[in-house]
Structures are given as structure tokens and as C-alpha cells.
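Analysis of the macromolecular model
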Amino acid sequence: MLPEEVKSELEKRLRESRFSNYTELTDWLQAQGFQISRSAVHRHGQKLQKHLDAISVATDQAVAIAEAAGDTPVMGRALSALVQNKLYDLLMDAESEADPVKLARAVADINRADISVLRYKAEVKAKIEAKFTQLESSAKSIDAATLKRVKEEIYGLF
């Protein structure tokens with residue numbers, strides 16, 4: 001029930017103290033005029049630490065995926081799946097302070113983005129196929145083996 005600026009300062013102090021010195025933090029809040037117990041500060045600190053740990057794990061996982069996948073479409077799909085999984089975890093966490101409506105919207109946004117990527121991919125693939133069909137019908141200067149190799153290389157991108 002703290003004002004946002006006080007809560008932000010408390011969270012900053014919690015991180016700086018590495019989630020210790022709860023008595024000092026409680027004293028600081030009481031000096032600010034807030035009636036709050038040490039156990040309430042500790043509970044908030046535990047929730048914040050759990051949240052930051054989850055973000056750290058998600059970041060590590062995203063970095064590992066990025067390193068493994070490089071700059072491929074697989075990376076985008078994997079990161080999208082990772083974010084969806086984390087959002088789902090937040091939705092299912094009864095102790096989470098996250099707004100379920102916002103989380104549901106975030107999941108929907110990710111799904112829409114995935115659908116847009118799939119549509120774009122299909123459009124590009126259709127355009128490439130049309131160009132190959134056009135090249136094959138007028139392949140006077142390109143031999144069939146070269147055209148086949150180019151086709152395999154380009155389709156390998158998908």
C-alpha cells in the first residue's frame with residue numbers, strides 16, 4: 001500500500017542490500033511515516049527476489065537460445081515460446097501480483113505476432129515459388145542443375 005515512488009525506492013534498497021537488512025529498511029519506512037512491520041517488508045522482499053530470479057532465469061534461457069540458434073527464424077519462435085511459457089507461469093501463480101488481464105493480452109499479442117510472421121513467411125514463399133516457376137519456363141540462360149541448387153539453397157532458409 002506504499003506510494004509508487006516509495007515502493008520503487010524500497011525495491012532499489014532491497015536490491016542494493018542484496019535482500020538483507022530488513023530491520024534497517026523497516027526503520028527507514030517508519031521514519032518516512034509508514035506503519036509497516038519487518039515481516040511485511042520481508043514478504044515483499046521475498047516476492048521481489050523471486051520475481052527478479054525468474055527474470056534472470058528467463059534472460060539466461062533467451063541468451064542460450066540466441067547463442068544456439070544464431071540469427072535464424074528458430075530463435076524468434078523459441079523466444080516467443082519462452083515468453084509465452086513465462087507469462088503462463090505468471091498467470092498460474094496464485095501469489096503473483098501481475099494483472100491477469102494484462103498477461104492474457106500479452107499472450108494474445110505474442111500469438112498475433114506469430115501469426116503475422118507465419119503469414120509473411122507464406123507470402124514470401126509464394127512469391128519465390130512464382131519467380132522460380134517464371135524462371136523455369138524461361139530458363140534459357142540458366143541450366144536446370146543450377147536452378148535446382150539455387151532453389152534448394154533458398155528453400156533451406158525456411
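Refer to the structure above for everything that follows.
Notes on the structure in this doc start here.

The rules behind these values
- Throughout this description, residue numbers start from 1 for each chain and increase along the sequence as written.
- Under the rules for a predicted model, residues below a pLDDT of 70 receive no local features and side-chain atom pairs below 80 are neither given nor counted, while totals for whole chains, interfaces and linings still include all residues.
- As a rule here, side-chain values cover all heavy atoms of the structure and leave hydrogens and water aside.
- Any carboxyl oxygen of Asp or Glu within 4 Å of a side-chain nitrogen of Lys or Arg constitutes a salt bridge here.
- Helix and strand assignments follow DSSP, with helices taken as H or I runs no shorter than four residues and strands as E runs no shorter than two, numbered in order from the N terminus.
- Throughout this description, buried means an accessible area under 20% of the type-specific maximum (1.4 Å probe, protein chains only), exposed means over 50%, and partly exposed covers the range between.
- Note on contacts: a residue pair is in contact if any heavy atoms of the two residues lie within 4.5 Å.
- Working definition of a nonpolar core: buried Ala, Val, Leu, Ile, Met, Phe, Trp, Tyr and Cys residues. They are joined through side-chain atoms within 4.5 Å.
- In this description, one arc is meant: the one made by directions from the helix axis to the C-beta atoms.

1. Remarks on the pattern of salt bridges
For the structure on display, the rule yields three salt bridges. With a closest N to O distance of 3.9 Å, Glu16 and Lys12 form a salt bridge. In this pair, Glu16 and Lys12 both sit in helix 1 (residues 4-16), four residues apart, roughly one turn of the helix. Notably, a salt bridge pairs Arg112 with Asp109, separated by 2.2 Å at the nearest N-O pair. Within this pair, Arg112 and its partner Asp109 are both found in helix 5 (residues 100-137), separated by three residues, close to a single helical turn.

2. As for the side chain of His44
Looking at where His44 falls in the secondary structure, it is placed in helix 3 (residues 38-69). For His44, a relative accessible area of 17% puts it in the buried group. Excluding residues that lie within four positions of it along the chain, His44 makes contacts with Lys7, Leu10, Glu11 and Leu14.

3. Considering the nonpolar core
Counting ten residues, the largest nonpolar core consists of Val6, Leu10, Leu14, Phe19, Tyr22, Leu25, Trp28, Leu29, Val41 and Leu48. Listed by contribution, the elements that provide at least two residues to this core are helix 1, helix 2 (22-31) and helix 3. The element that contributes the greatest number of residues to this core is helix 2, accounting for four residues. Among all residues touching Val6, those that are not within four sequence positions of it are Trp28, Leu29 and Phe34.

4. Thoughts on helix 2
Those residues of helix 2 that sit buried are Tyr22, Leu25, Thr26, Trp28 and Leu29. One side of helix 2 carries all its buried residues, which in axial view fall inside an arc of 160°. In helix 2, the exposed residues that point more than 90 degrees away from the buried face are Glu24 and Ala31. Gly33 sits one or two residues past helix 2 and shows a positive phi near 100°.

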